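Structure at a glance
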Amino acid sequence: MEKNSMPMTMTTWRLVASESDLGWQGSKPGGKHHGTVEVLDGEVEMDGDQITGGSFEIDLTSIRNEDIGNDAMRERLVSHLKSKDFFHVEEHPKAYFEITEIETATNGDQDAEEDYTHVVTGDLTIRGNTHRISFPASISMDDMMMSVRSGEIKLDRTRWEVNHMSRSLFAGLKDSFIHDEMVIRLDLEFSRN
């Protein structure tokens, strides 16, 4: 029986949760809020120097606000974001992202402010709803660590049934609406197993 002369090139890189997070921003007429959410667990699979797949979990119970100085007001906002009106964390404590494709970025994909190396496509699950998204990312690595930094990922929250105060869904809100678009950014670190 012949031995396979092809070397094993498959590697798995594990998320370093303490060095990773997700930044978020939401807005309404006259103001906006921003903060972070913890990324709990995840991995990236590689064949040689090509990423072939991966996934990670987002802990929606860890939503934090970073722009409100008043403790009571900050807690009120965070509690509201965790409620049924928004992410309903009691029933859906985690969100999930699964990579379906990674392509090398072309000049047309690159943001003027930053040089992105890849375009990541995958399935994002929030509140039990899954939709495909794509976003630019800068991916760099050495022998032991991989860094993944996304550009702005603009999401229409109503696709995932985060519908509270959406002017596109509820008539008559006048200026009391919250914009459907929310923006997230990923800052992830992985270590080689």
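Residues numbered from 1 in each chain as written. Predicted model: local features only at pLDDT ≥ 70, side-chain atom pairs only at ≥ 80, totals over all residues. Heavy atoms only, no water.

1. Focus: the nonpolar core
Quick reminder of the rule: Working definition of a nonpolar core: buried Ala, Val, Leu, Ile, Met, Phe, Trp, Tyr and Cys residues. They are joined through side-chain atoms within 4.5 Å. Partly exposed residues are those whose accessible area sits between 20% and 50% of the maximum for their type, while under 20% is buried and over 50% is exposed, using a 1.4 Å probe and protein chains only. Any two residues whose heavy atoms approach within 4.5 Å at even a single point are treated as in contact.
Formed by 40 residues in total, the largest nonpolar core has its most connected members in F87 and M146. Apart from the residues lying within four places of it in its own chain, the contact partners of F87 are L60, I63, L81, K82, H92, I126, R127, V162 and M182.

2. Describing the pattern of salt bridges
Our working rule: Definition used for salt bridges: Asp or Glu carboxyl oxygen within 4 Å of a side-chain nitrogen of Lys or Arg. Secondary structure elements are defined from DSSP: runs of H or I of at least 4 residues count as helices, runs of E of at least 2 residues count as strands, and each element is numbered from the N terminus.
This structure, assessed with the given rule, holds 10 salt bridges. Between R14 and E43 there is a salt bridge; the shortest N-O distance is 2.5 Å. Residue R14 is located in strand β1 (residues 10-15), and its partner E43 is located in strand β3 (residues 31-47); the two are separated by 29 residues in the primary sequence. Put simply, E38 and R64 hold a salt bridge, and the shortest N to O gap is 3.2 Å. Taken together, the positions of E38 in strand β3 and R64 in strand β4 (residues 50-65) put the pair 26 residues apart, joining distant regions of the chain.

3. Some thoughts on the packing of aromatic side chains
Selection criterion: Here a pair means two rings of Phe, Tyr or Trp (six-membered ring of Trp) with centres within 6.5 Å. Their orientation is stacked below 30 degrees between planes, edge-to-face above 60, and tilted elsewhere.
Evaluated as defined, the whole model comprises two aromatic pairs. Here F56 and F97 contribute two aromatic rings whose centre-to-centre distance is 5.5 Å and whose plane-to-plane angle is 35°, an arrangement assigned as tilted. With F56 in strand β4 and F97 in strand β5 (residues 94-104), this residue pair connects regions lying 41 residues apart in the sequence. On the numbers, 5.8 Å between centres and 50° between planes, the contact of F97 with F135 is tilted. Placement of F97 in strand β5 and of F135 in strand β7 (residues 129-141) is noted, with a sequence separation of 38 residues between them. As far as the burial class goes, F97 and F135 line up, both buried. A network of ring pairs unites the aromatic residues F56, F97 and F135 as a single cluster.

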